[in-house]
Amino acid sequence: MRDDYRSSRRALDATDLARVAVMAATIAVLGLPGSFNVFGAVPITAQSLGVMLAGAILGPRLGALSVVVLLALTATGLPLLAGGRGGLGVFVGPSAGYAIGWIAAAFVIGLIVHATPYKPTVWRTALGVVVGGILVDYAFGIPVQSLVTRLPLGETALTSLVFVPGDLVKAVLATLVVVGLVRAYPRAFRRTWQPRKQRDTDDQVQAGR
Amino acid sequence: MVTLYRPGDGPWYRLPTGWKTALLLVVVLAVCLLPPTWWAAGVMAAVCVACYAVPGIGLRELGRQAWAARWIVVVTLAGQLIFLDPEHAVANAARVTTAITLAGLLTLTTPATELLDTVERAMQPLARLGLDPQRAALTLSVTLSTLPVLARLARDVREAQLARGGGRSLRHFAMPYLVMVLKHADELGDALAVRGVR
């Protein structure tokens, strides 16, 4: 197992390729009909949760790549986005910027979550998913939406505030899941972390490192 | 996997994929440059009808595409009507609808495999930048074949969750699902390595 895959500029190996494929497919699966309920009976599309998880689990390079793979398949006419959307139309519609922004979002999330050689903490993970999954994605989405619909930037930003509560819920979920995964299945991240405290070392011994 | 492709025959089907993509993007771009006025909205509707009213497609299909985009149109129109006058709002909503339905022609008349091949061919010049088109194509097709496997896995996890009275909580779904999926990825990686993928 490699020590730090942020610094590695080598080509993908077969396992990287499979992990990219599996996370790309996961983002698609999270958009399938029969959506999940988060609080009570509010059905939401969980696709941006998939993007947050891809960045946090795979790291910046592979996380962004998995989104590229998903978008490339979508562009070829597979109805992989929430609500069975797909085809080239996705990339000329008002939400095109949000979809393209997912690439940068996954990259930034990966950068922040994998920023140190230590295990990601709750707060670093939360910071990563909020900055990448919400701020960066909106930074791409709102200008493109404004350009496509020709509604001025300020007004477009106002209308997109509707989606902020849902995205915050997904950021909380992503944080809980990522932190849980660090504890329960550290192999998921395919890297090792330096021990920070005595307790961390014990965790790694228990995990069989 | 059901794609958005509809088998058929006609001018749009016979056009080579690369040219068809370029042509449709040029038309979409031209439509986007029209000013937001009533007559421009009329021109856009006319362009849509002209592009769909050819042998092999038909106006019924145009109706289906527009219906599929109905929520995008409604949300766009509603947002615009709050801030702009009706002429701007209608013209802008018409432009969005036109762009989506015209772009839909490509996926409607080209099989996904043909589009994947075109993507691979279009990526050939990128090989000089260190991007391997064959590896990219392999990643796309591995993802494609993994999709049904993961969809089934997701259903299994969800059923187990419901059977234990776990409700429909996304959080309690995501953990076991991700563990299973990432284990599957490790096995898939080994299987690919055994078959000669470095």
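Here's what I pulled together on the structure shown here.

As a further point, take the overall build of chain A. From N to C terminus, chain A includes 8 helices and 2 strands. Ordered by position from N to C terminus, the α and β elements of chain A give α-β-β-α-α-α-α-α-α-α. Of all intrachain contacts in chain A linking residues separated by at least 6 positions in sequence, the fraction that spans at least 24 positions is 69%.

Now for the overall build of chain B. On a plain count of helices and strands, chain B comes out with 9 helices and 0 strands. Against the 2.2 N^0.38 benchmark of 16 Å for 198 residues, chain B shows a C-alpha radius of gyration of 22 Å, more extended than a compact globule. Per-residue burial over chain B gives 30% buried out of 198 residues. Contacts in chain B between residues at least 24 apart in sequence constitute 65% of all its contacts with a sequence separation of at least 6.

Looking now at the nonpolar core. By size, the foremost hydrophobic cluster in this structure holds 109 residues, and its most contacted members are Leu53, Ala106 and Ala174 of chain A. Both of domain 1 (11–122) and domain 2 (129–194) of chain B provide at least three residues apiece to this core. For alanine 106 of chain A, the contacting residues outside a window of four places in its chain are Val51, Ala54, Gly55, Gly63, Ala64, Ser66 and Val67 of chain A.

The subject of this paragraph is the interface of chain A and chain B. At the interface, 49 residues of chain A touch 55 residues of chain B. Where the side of chain A that touches chain B is concerned, the elements lending two or more residues are α1 (14–29), β1 (36–37), α3 (60–75), α5 (122–149), α6 (153–160) and α7 (164–184) of chain A. Across the side of chain A that touches chain B, the residue classes tally to 33 nonpolar, 12 polar and 4 charged.

With that settled, the discussion passes to the environment of leucine 81 of chain A. All names here are of chain A. Relative to the helices and strands, leucine 81 resides in the loop between α3 and α4 (96–113). Separated by 34 residues in sequence, leucine 81 and glutamine 47 place their C-alpha atoms 7.7 Å apart. Not counting the four nearest positions on each side in its chain, leucine 81 is found in contact with Gly31, Gln47, Thr74, Gly86 and Val90.

Residues and elements named next belong to chain A. Running from N to C, helix α2 (residues 47–58) and α3 cross one another at 145°; their axes reach a closest spacing of 6 Å. As for the relative orientation of α2 and α3, their crossing is right-handed in sense. Residues Val51, Ala54, Gly55 and Leu58 of α2 lie in contact with α3, whose contacting residues are Leu62, Gly63, Ser66 and Val67. Its residues placed into classes, the contact of α2 with α3 shows 5 nonpolar, 3 polar and no charged.

Let us now look at unusual backbone geometry. Residue and element names in this part refer to chain A. Positive phi outside glycine occurs at arginine 150, with the angle close to 55°. For arginine 150, a count of 19 C-beta atoms within 10 Å puts it in the partly exposed group. Even without being glycine, arginine 190 reaches a positive phi, approximately 50°. Relative to the elements of secondary structure, arginine 190 occurs in the loop between α7 and α8 (198–206).

This part is about the packing of α5 of chain A against α7 of chain A. Relative orientation and spacing of two packed helices are given, respectively, by the angle between their axes and the distance between those axes. Residue and element names in this part refer to chain A. Axis separation between α5 and α7 bottoms out at 9 Å; the angle between their running directions is 140°. Considered as vectors, α5 and α7 are oriented oblique to each other. Once α5 is placed against α7, the crossing between them reads as right-handed. Contacts from Val122, Thr125, Ala126, Val129, Val130, Gly133 and Ile134 in α5 reach Asp167, Ala171, Ala174, Thr175, Val178 and Val179 in α7. Counted by class, the contact of α5 with α7 contains 9 nonpolar, 3 polar and 1 charged residues.

The rules behind each value
- Residues numbered from 1 in each chain as written.
- Chains lettered and ligands numbered in written order.
- Predicted model: local features only at pLDDT ≥ 70, side-chain atom pairs only at ≥ 80, totals over all residues.
- Helix = DSSP H or I, 4+ residues; strand = E, 2+ residues; numbered from the N terminus.
- Contact = placed C-beta atoms within 7 Å.
- Rg over C-alpha atoms; globule rule 2.2 N^0.38 Å.
- Buried ≥ 20, exposed ≤ 12 C-beta atoms within 10 Å, placed from the backbone.
- Core = buried A, V, L, I, M, F, W, Y, C linked by C-beta atoms within 7 Å.
- Domains from an automatic or database assignment.
- Nonpolar A, V, L, I, M, F, W, Y, C, P; charged D, E, K, R; others polar.
- Axes fitted to C-alpha atoms, helices over the stretch in contact; angles between N-to-C directions.
- Left-handed = near helix turned anticlockwise from the far one by under 90°.
- Parallel < 35°, antiparallel > 145°, perpendicular 65-115°, else oblique.

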